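Examination of the molecular architecture
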There are 2 protein chains.
Amino acid sequence: MDVVETGPERPLTARGRRTRDAIVDAAAGLMYARGIAATGIADVLAASGTGKSQLYHYFADKSDLVLAVIDRQLERVLEAQPELAGEDLQAWAASVWEFHRAEGEPLACPLGVLSGQVETDERWRARQAASFTAWQDRIAALLARGQRAGRVDPTRDADELAVGVLAALQGGLMLARLHRDLHVLELALAAAVDHVRVRA
Amino acid sequence: MDVVETGPERPLTARGRRTRDAIVDAAAGLMYARGIAATGIADVLAASGTGKSQLYHYFADKSDLVLAVIDRQLERVLEAQPELAGEDLQAWAASVWEFHRAEGEPLACPLGVLSGQVETDERWRARQAASFTAWQDRIAALLARGQRAGRVDPTRDADELAVGVLAALQGGLMLARLHRDLHVLELALAAAVDHVRVRA
């Protein structure tokens, strides 16, 4: 995740990186809270304390900035889930639940909340889809380690199981937000964890 | 679902009901395709071929119309899933998958697609949440019948299992739409069906 995938194709100075990060973080926060359409360049400039010429130094336009926001939200999700590197889906699910319990409102996946908003731009949709694939691959790798450790049903395809786990998380979050009830997320995750476990 | 829950509190004539239905169907179609915010009253009038005075005879404002659209989409979902009245979750899942295969693009739940858009109005959110609860209760009833028929694990709480099933469907649809791949929905539903089945 260290490669800057949007903006000019040249290395950034430490200061340049800080400025770019400030812009992306501000945009990510606004788009998380309000949505992509309701977030204008002027809002991002005000929230990040940067100037228009700085922003356009790093990003060709708002569409370009959205791609960087998707990358940033994937980073944020993966950083918040160190248990992805382990072999215990239960521990991972507990960390996801704890993240949302601590985060409070809005009860939404930093990445998933963008999914309904990327249909209008094929570049956004493709980047969002690739981000979910990257996340899903980490879950599949966890499940494969779990299979080797005797925790996860070895008769199943870890990649296919990972689709079900990620769907349970995303659907559980959608319903939990709608009902204003974190317990809904807990139930959805518990079902996913129970599904993959090895049977006696 | 025969009770008109919004608009004037008096019985509608057959013609009045047809007019009201035409308005709600047009609004539902537009909001499904474009979203609530991008659908104006003028669009609904044009699409339904009705006049402004007719629309305001049945609905106080756009906010009122959105509530009727949520009710209509719940009706549509339940009508498309007659297998909900049965005891076989596998048959239900197959019918859901078939509905989306036949429907094609946009690959989205007629009801669920509104979930990300109801946060700005507490009446919308509450109605959307109640609609999902109604749907979930039907799934729980199916699972309870499945338990009595020996199809579904009898040691689990049918209401809790239903949360996991609905989360899998909603999350599976979100990911399938993002990846433009109906197989993702199939995998998510298969995991949910497999999870609830009775173990040998």
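Residues numbered from 1 in each chain as written. Chains lettered and ligands numbered in written order. Predicted model: local features only at pLDDT ≥ 70, side-chain atom pairs only at ≥ 80, totals over all residues. Heavy atoms only, no water.

Here we look at the overall build of chain A
Counting secondary structure elements, chain A contains 8 helices and 0 strands. Going residue by residue from the N terminus, the α and β elements of chain A occur as α-α-α-α-α-α-α-α. Taking 2.2 N^0.38 as the reference for a compact globule, 200 residues should give roughly 16 Å; the C-alpha atoms of chain A span a radius of gyration of 18 Å, in line with that estimate. Overall, chain A is about 65 × 40 × 30 Å in size when its C-alpha atoms are taken along their principal axes. Taking all 200 residues of chain A together, 52% fall into the buried category. When contacts within chain A are restricted to residue pairs at least 6 apart in sequence, long-range pairs at least 24 apart make up 67% of them. For chain A, the exposed surface amounts to about 8,900 Å²; the carbon and sulfur share of it is 52%. Seen as two clouds, the 23 positive and the 28 negative side-chain charges of chain A have centres 4 Å apart. (Helix = DSSP H or I, 4+ residues; strand = E, 2+ residues; numbered from the N terminus. Rg over C-alpha atoms; globule rule 2.2 N^0.38 Å. Buried < 20%, exposed > 50% of the residue type's maximum accessible area, 1.4 Å probe, protein only. Contact = heavy atoms within 4.5 Å. Areas by Shrake-Rupley, 256 points an atom, 1.4 Å probe, with all protein chains shown as cover. Lys, Arg positive; Asp, Glu negative; His and termini not counted. Charge placed at Lys NZ, Arg CZ, Asp CG, Glu CD.)

Quick word on the relation of the copies chain B and chain A
Applying a rotation about an axis and a shift along it to one chain copy brings it onto the other copy. Overlaying chain B on chain A yields an RMSD of 0.0 Å, the required transformation being a rotation through 180° with an accompanying axial translation of 0.0 Å. Such values leave the two copies arranged in the relation of a two-fold axis. Every residue of chain B has its C-alpha some distance from the rotation axis, and the shortest such distance is that of B:Gly171, at 1.9 Å. A shared interface surface links the copies, since 100% of the contact residues of chain B are contact residues in chain A too. (Least-squares fit on C-alpha atoms with pLDDT ≥ 70 in both.)

Here we look at the UniProt feature "DNA-binding region" (unreviewed entry) in chain A
The feature "DNA-binding region" (unreviewed entry), as given by UniProt, occupies residues 40-59 of chain A in the numbering adopted here. Summarising residues 40-59 of chain A: 75% helix, 0% strand, and an end-to-end C-alpha distance of 14 Å. (UniProt positions renumbered as here; feature names shortened; annotations may be inferred.)

Brief notes about the environment of A:Gly40
Position of A:Gly40 among the secondary structure elements: in the loop between helix 1 (14-34) and helix 2 (41-48). Spatially, the C-alpha atoms of A:Gly40 and A:Ala27 are 8.9 Å apart, while their sequence positions differ by 13 residues.

Overview of the domain arrangement of chain A
All names here are of chain A. By the assigned domains, chain A splits into domain 1 (14-69) and domain 2 (80-196). Taken over C-alpha atoms, the centre of domain 1 sits 27 Å from the centre of domain 2. Contacts between domain 1 and domain 2 engage 11 residues on the former and 12 residues on the latter. Taken together, the two surfaces of domain 1 and domain 2 that pack against each other cover about 1,000 Å², and 63% of this comes from carbon and sulfur. (Domains from an automatic or database assignment. Buried area = accessible area lost by both parts, 1.4 Å probe.)

Section: helix 2 of chain A
All names here are of chain A. For helix 2, the complete set of buried residues consists of Ile-41, Val-44, Leu-45 and Ser-48. Across the axial projection of helix 2, the buried residues extend over an arc of 100°, all falling on one side. Of the exposed residues in helix 2, those oriented more than 90 degrees away from the buried face are Ala-42, Ala-46 and Ala-47. On its buried face, helix 2 is in contact with helix 1, helix 3 (52-58) and helix 4 (62-79). Positioned one or two residues after helix 2, Gly-49 has a phi angle of 65°, which is positive. (Arc of directions from axis to C-beta.)

Concerning the interface of chain B and chain A
The interface is formed by 34 residues belonging to chain B together with 34 residues belonging to chain A. Roughly 2,900 Å² of surface becomes buried between chain B and chain A when both sides are summed, with 65% attributable to carbon and sulfur atoms. Counting across the chain B and chain A interface gives 6 salt bridges. Here chain B and chain A share 10 residue pairs in polar contact (both at pLDDT 80 or more) between them. Elements that contribute at least two residues to the side of chain B that touches chain A include exactly helix 6 (122-148), helix 7 (158-179) and helix 8 (182-196) of chain B. The greatest single-element share of the side of chain B that touches chain A, amounting to 14 residues, is contributed by helix 7 of chain B. Tallied by class, residues from the side of chain B that touches chain A come to 14 nonpolar, 10 polar and 10 charged. (Salt bridge = Lys/Arg side-chain N within 4 Å of Asp/Glu carboxyl O. Polar contact = N/O pair within 3.5 Å; in protein donor to acceptor, adjacent residues only side chain to side chain. Nonpolar A, V, L, I, M, F, W, Y, C, P; charged D, E, K, R; others polar.)

Comments concerning a negative patch on the surface
A contiguous patch of negative charge, built from A:Asp137, A:Asp157, A:Asp159 and A:Glu160, is present on the exposed surface. Position of A:Asp157 relative to the elements: it lies in the loop between helix 6 (122-148) and helix 7 (158-179). (Patch = residues over 30% accessible without salt bridge, like charges linked within 9 Å, V, L, I, M, F, W, Y side chains within 5 Å.)

Some remarks on the UniProt feature "domain: HTH tetR-type" (unreviewed entry) in chain A
Here the UniProt feature "domain: HTH tetR-type" (unreviewed entry) sits at residues 17-77 of chain A. Helix and strand shares over residues 17-77 of chain A are 80% and 0% respectively, and the end C-alpha atoms of the span are 20 Å apart.

Remarks on the pattern of salt bridges
Inspection of every chain in the model, using the stated rule, returns 28 salt bridges over all chains. One salt bridge connects A:Asp43 with A:Arg34, and the closest N-O pair in it is separated by 3.4 Å. By relative accessible area, which is 47% here, A:Arg34 ends up partly exposed. As a salt-bridge pair, B:Glu119 and A:Arg177 come within 3.4 Å of each other at their nearest N and O atoms.

Looking at the environment of A:Ala192
All names here are of chain A. In this fold, Ala-192 is placed in helix 8 (residues 182-196). Taking the C-alpha atoms as reference points, Ala-192 and Ala-108, separated by 84 residues in sequence, lie 18 Å from one another. Beyond its immediate chain neighbours, meaning those up to four positions away, Ala-192 contacts Leu-89, Val-165 and Ala-168.

A closer look at the packing of aromatic side chains
Applying the stated rule across the entire model yields 2 aromatic pairs over all chains. Just above the ring of A:Tyr32 sits the side chain of A:Arg76; from NZ or CZ to the centre is 5.8 Å. (Phe/Tyr/Trp six-rings, centres within 6.5 Å; stacked < 30°, edge-to-face > 60°. Lys NZ or Arg CZ within 6 Å of the ring centre and 35° of its normal.)

A look at unusual backbone geometry
Residue and element names in this part refer to chain A. The backbone of Arg-180 shows a phi angle near 55°, a positive value even though the residue is not glycine. Among the structural elements, Arg-180 can be located in the loop between helix 7 and helix 8. The class for Arg-180 is partly exposed, based on a relative accessible area of 36%.

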